[in-house]
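Here's the letter readout for the chains.
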Amino acid sequence: NELRLVQDALARTNAELDKRVELRTAELADAKQQIEKQLFRLQAMRMNDLAILGTTDLRIALKAIAEQTRRQLSVDVASILLFNPYSLLIETAVVVGARTPEIQNIRIRLGETLVGQVALERKMLVIPDFVKQPQTDLAGKMEGFLSCFILPLIAKGNIVGVMYLGHRSVFSPD
């Protein structure tokens, strides 16, 4: 009878230890995934640094940044548009991942379309699903985007451009 009690106690202890090992293994797997994400981000930042430091051509640096952003965030298109303070237009500087060549030559007045509104208001705009919101976005129509993120690029308090991230499916970032 005592042997049976000891065996039962050992079985419970082993079951508890197995649960602890499973939990710890899952925690370590999560930690490994987080470390890999952080390493990926650091590598992207390093690539951006090298692109910026390695050239005097703004478009080359912007293209490297757009490529890294597209890769990092797993979006279909990353575009950087620059604000021209003389014409008050936002003009495409670089586009990575576009299917249509017309997207390379977009010129938008400040305040017009979603891009122009973001530049004017200096606030990020997230549209997770264009199906639920009418499509008033020129690039979105041309490329068939279902979701987009539009971010103002601000330096020293002044708008210098807009980063446009488009996705051809409904996109939920982590």
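Structure: see above.
Residues numbered from 1 in each chain as written. Predicted model: local features only at pLDDT ≥ 70, side-chain atom pairs only at ≥ 80, totals over all residues. Heavy atoms only, no water.

**As for the overall build of the chain**
Within the chain, the regular secondary structure consists of four helices and six strands. Scaling as 2.2 N^0.38, a compact globule of 174 residues should have a C-alpha radius of gyration of about 16 Å, whereas the chain reaches 24 Å, well beyond that. Each principal axis of the C-alpha atoms in the chain carries an extent, and together these give about 90 × 45 × 30 Å. Within the span of the chain, comprising 174 residues, buried residues form 32% of the whole. Looking at the chain as shown, the accessible area adds up to about 11500 Å², and 57% of this sits on carbon and sulfur atoms. On the chain, the mean spot of the 22 positive side-chain charges and the mean spot of the 20 negative ones are 5 Å from each other. (Helix = DSSP H or I, 4+ residues; strand = E, 2+ residues; numbered from the N terminus. Rg over C-alpha atoms; globule rule 2.2 N^0.38 Å. Buried < 20%, exposed > 50% of the residue type's maximum accessible area, 1.4 Å probe, protein only. Areas by Shrake-Rupley, 256 points an atom, 1.4 Å probe, with all protein chains shown as cover. Lys, Arg positive; Asp, Glu negative; His and termini not counted. Charge placed at Lys NZ, Arg CZ, Asp CG, Glu CD.)

**Here's the deal with the sheet that holds strand β5 (residues 147-155)**
Strand order in the open sheet formed by six strands is β3-β2-β1-β6-β5-β4, and the pairing between neighbours is antiparallel. Strands with a single pairing partner mark the edges of an open sheet, and in this sheet they are β3 (107-109) and β4 (125-127). For this sheet, the mean inter-axis angle between neighbouring strands, taken without regard to orientation, is 20°. Pairing of strand β1 (residues 77-84) with strand β2 (residues 89-96), which is carried by seven bridges, proceeds in the antiparallel orientation. Note that in β2 the partner of Ser-79 across the bridge is Val-95. With respect to the sheet, helix α2 (residues 58-73) is in contact with β1, β2 and β6 (158-167), its orientation differing from that of β2 by roughly 65°. (Pairing = 2+ DSSP bridges. Axes fitted to C-alpha atoms, helices over the stretch in contact; angles between N-to-C directions. Contact = heavy atoms within 4.5 Å.)

**Brief notes about unusual backbone geometry**
One non-glycine residue, Leu-88, lies in the positive phi region at around 60°. For Leu-88, the location among the structural elements is in the loop between β1 and β2. At Lys-156, a residue that is not glycine, the phi angle is positive and equals roughly 50°. As for its position among the elements, Lys-156 is in the loop between β5 and β6.

**Considering helix α3 (residues 113-121)**
Within α3, burial applies to Leu-114, Val-115, Gly-116, Val-118 and Ala-119. Of the surrounding elements, those touching the buried residues of α3 are β2, β3, β4, β5 and β6. Remark: Arg-122 follows α3 within two positions and exhibits a positive phi of approximately 60°.

**A short note on the pairing of β6**
Of all 10 residues making up β6, eight are buried, and the element is well covered by its neighbours. Bridge count between β1 and β6: six bridges; the pairing is antiparallel. Opposite Ser-79, over in β6, you have Tyr-164 as the bridge partner. In the sheet, β5 pairs with β6 via nine bridges, with the strands oriented antiparallel. Bridge assignment links Leu-151 to a residue of β6, and that residue is Met-163. Hairpin connection from β5 to β6: two residues lie between these consecutive antiparallel strands, with Lys-156 at a positive phi of about 50°.

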